[in-house]
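The residues making up each chain are set out below.
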Amino acid sequence: MKMDFHVHLEEGPYTVKWLERTAKTLSSFGAPADLEKGSKAFMRWQTKQLQKRVDQGCFSSFWLDLYLEKAKQLGLKKVGIVDHLYRFKETRSYFEKNIILDPIHPIGRAQSAWLNHVMTENMADFVEAIEKEKEKWRLQGIELKLGIEADYFEGCETELTELLGEYAWDFVIGSVHFVDGWGFDNPQTADVFLKYDLKELYNRFYIIVESAIRSELFDFVAHLDNLKVFNYQVQDISFNQVWHEKIANALVETNTATEVNAGLYYRYPVKEMCPGPSFLTTLVERGVEFTLSSDSHYPDDLGNYTADNKEMLKKLGVKSLVSFDQRAKKSHLI
């Protein structure tokens, strides 16, 4: 079964870099063969496409059709499209209470600007857009599933349940992007790693990850070791193994799945899958269930390395993968 269950439609901040990356995507889908790249005529075509994309937004059929085209090219049978919880205006108070936004604080200034730049959408519009496209995808032989990637904060389980409760998600991903209010995967605040004892930092991170799993709010928990995003890693094998076993046990005991996530491999300095090799081996040995994730944010990244990761799991002895429909887990022979 070919699948990709962690796919995003967009994310700011909306910079020149974002424009360049979006233009690259558009050029890779259906650029007129008679237009030479680098020509003024090509630029005119590209500019019109980019304007259309900006005007119609990431929930438009124009943009979603590119994901469908790519899924067909790859032979995917199941695709789970999500958006980050912090993209939606309805969740502002949830993040304001849980992340550092104080303008006097250097991290606060950076994160306040970031939140304002990425929190641009309405949840209802996202849900409606994906639900509307499901039939079109089904007729093309692909099951499109509606998901949400929800940031977990300790002690906020009730509020998170209420935020997610209005819609009939096919699956909910739990993720940890913040340690005590600091968004550790933000390049603007990456120097904060230098202020920490890495063992203490990882210990705190894994405590939050384990709490997220044991909350039983999520169908699967994403990128279990994404704290390594900028390649700050603990080299103590014993320390790592203790936590790998704790996380694996929590997943099994709560019947929560995880993923092999390719996003850090092709988009971040660490250049490694999530989870890393030794962590993955422990998870497999403990009988943890897996799905596959490109963690793409553009249609041309859809499916990235999912086939490779499927083969890796197979070599480790994994017999099946899981998908989700209306919060029900389904197993598929690998």
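It should be noted that the structure appears before, not after, this text.
Predicted model, so just to flag it, every value in this text is computed and none were measured. (Residues numbered from 1 in each chain as written. Predicted model: local features only at pLDDT ≥ 70, side-chain atom pairs only at ≥ 80, totals over all residues. Heavy atoms only, no water.)

A. Just the pairing of strand β1 (residues 3-8), in detail. Within β1, 6 of the 6 residues are buried, leaving the element largely enclosed by the surrounding structure. Relative to strand β2 (residues 78-82), β1 runs parallel, the two sharing 4 bridges. Residue Asp-4 lies in a different strand from β2, and its bridge partner there is Val-79. (Buried < 20%, exposed > 50% of the residue type's maximum accessible area, 1.4 Å probe, protein only. Helix = DSSP H or I, 4+ residues; strand = E, 2+ residues; numbered from the N terminus. Pairing = 2+ DSSP bridges.)

B. Region of interest: the sheet that holds strand β3 (residues 143-151). Spatial ordering of the open sheet is given by β1-β2-β3-β4-β7-β8-β9, a layout of 7 strands whose pairing is parallel. Two strands lie at the open edges of the sheet, namely β1 and β9 (290-293), each paired on one side alone. Bridge analysis of strand β7 (residues 220-221) against strand β8 (residues 257-261) gives 2 bridges, and the strand direction is parallel. Within the sheet, the bridge partner assigned to Val-221 lies in β8 and is Thr-258.

C. Spotlight on the layout of surface pockets. Of the pockets and cavities examined, the largest pocket occupies roughly 1000 Å³. Lining the largest pocket are 32 residues, and of these Glu-11, Gly-12, Pro-187, Arg-267 and Tyr-268 lie nearest its centre. Elements represented by at least two residues in the lining of the largest pocket include exactly α1 (16-28), α5 (106-118) and α10 (263-267). The residue makeup of the lining of the largest pocket, split by class, is 13 nonpolar, 12 polar and 7 charged. Taken together, 16 residues form the lining of the second largest pocket, with Gln-233, Val-234, Asn-240, His-244 and Ser-278 sitting closest to its centre. Within the residue set of the lining of the second largest pocket, elements represented by two or more residues are α8 (198-214), α9 (237-254) and α11 (277-286). (1 Å grid on protein atoms, 1.4 Å probe; cavity = no way out; pocket = protein on both sides within 12 Å on 5 of 7 lines; lining within 4 Å. Points joined across faces, edges and corners; volume = space filled by probe spheres on them. Nonpolar A, V, L, I, M, F, W, Y, C, P; charged D, E, K, R; others polar.)

D. Summary view of the side chain of His-8. Mapped onto the elements of the fold, His-8 is located in strand β1. Polar side-chain contacts of His-8 include one of 3.1 Å to the side chain of His-6. Other than its neighbours up to four places away in sequence, His-8 contacts Tyr-67, Val-82, Asp-83, His-84, Glu-149, Asp-295, Ser-296, His-297 and Tyr-298. (Polar contact = N/O pair within 3.5 Å; in protein donor to acceptor, adjacent residues only side chain to side chain. Contact = heavy atoms within 4.5 Å.)

E. Broad picture of the packing of aromatic side chains. If you walk through the whole model with that rule in mind, you get 31 aromatic pairs. Here the aromatic rings of Tyr-167 and Trp-169 are separated by 5.8 Å at their centres, their planes lie at 70°, and the arrangement is edge-to-face. For the residue pair Tyr-167 and Trp-169, the accessibility class agrees, reading buried in each case. Note on Phe-184 and Phe-205: the rings are 5.7 Å apart at their centroids and 90° apart in plane angle, and the pair reads as edge-to-face. Remark: Phe-205 occurs in helix α8 and Phe-184 occurs in the loop between β6 (182-183) and α8; sequence separation between them is 21 residues. On the basis of relative accessibility, which here comes to 0%, the residue Phe-184 falls in the buried class. A residue is classified by how much of its surface remains accessible, and Phe-205, at 0% relative accessible area, is buried. Cluster of aromatic residues (ring-pair linked, three or more members): Trp-182, Phe-184, Phe-193, Tyr-196, Tyr-202, Phe-205, Tyr-206, Phe-230, Tyr-232, Trp-243 and Phe-279. Positioned above the aromatic ring of Tyr-298 is the side chain of Arg-21, whose terminal nitrogen or guanidinium carbon lies 4.3 Å from the ring centre. Directly above the aromatic system of Trp-243 lies the positively charged group of Lys-246, at a separation of 4.4 Å from the ring centroid. (Phe/Tyr/Trp six-rings, centres within 6.5 Å; stacked < 30°, edge-to-face > 60°. Lys NZ or Arg CZ within 6 Å of the ring centre and 35° of its normal.)

F. Representation of the packing of α1 against helix α3 (residues 61-74) within the structure. Viewed as axis vectors pointing N to C, α1 and α3 meet at an angle of 65°, and their least axial separation amounts to 11 Å. The interaxial crossing formed by α1 with α3 has left-handed handedness. In this structure, α1 uses Thr-22, Thr-25 and Leu-26 to contact α3, whose residues at the interface are Phe-62, Trp-63 and Leu-66. A class-by-class count of the residues in the contact of α1 with α3 yields 4 nonpolar, 2 polar and no charged. (Axes fitted to C-alpha atoms, helices over the stretch in contact; angles between N-to-C directions. Left-handed = near helix turned anticlockwise from the far one by under 90°.)

G. The arrangement of a negative patch on the surface in detail. Taken together, the side chains of Glu-90, Asp-125, Glu-128 and Glu-166 make up a negatively charged region of the molecular surface. Of note, Glu-128 is situated in helix α6 (residues 123-139). Assessed through its relative accessible area of 53%, Glu-128 is described here as exposed. (Patch = residues over 30% accessible without salt bridge, like charges linked within 9 Å, V, L, I, M, F, W, Y side chains within 5 Å. Areas by Shrake-Rupley, 256 points an atom, 1.4 Å probe, with all protein chains shown as cover. Salt bridge = Lys/Arg side-chain N within 4 Å of Asp/Glu carboxyl O. Lys, Arg positive; Asp, Glu negative; His and termini not counted. Charge placed at Lys NZ, Arg CZ, Asp CG, Glu CD.)

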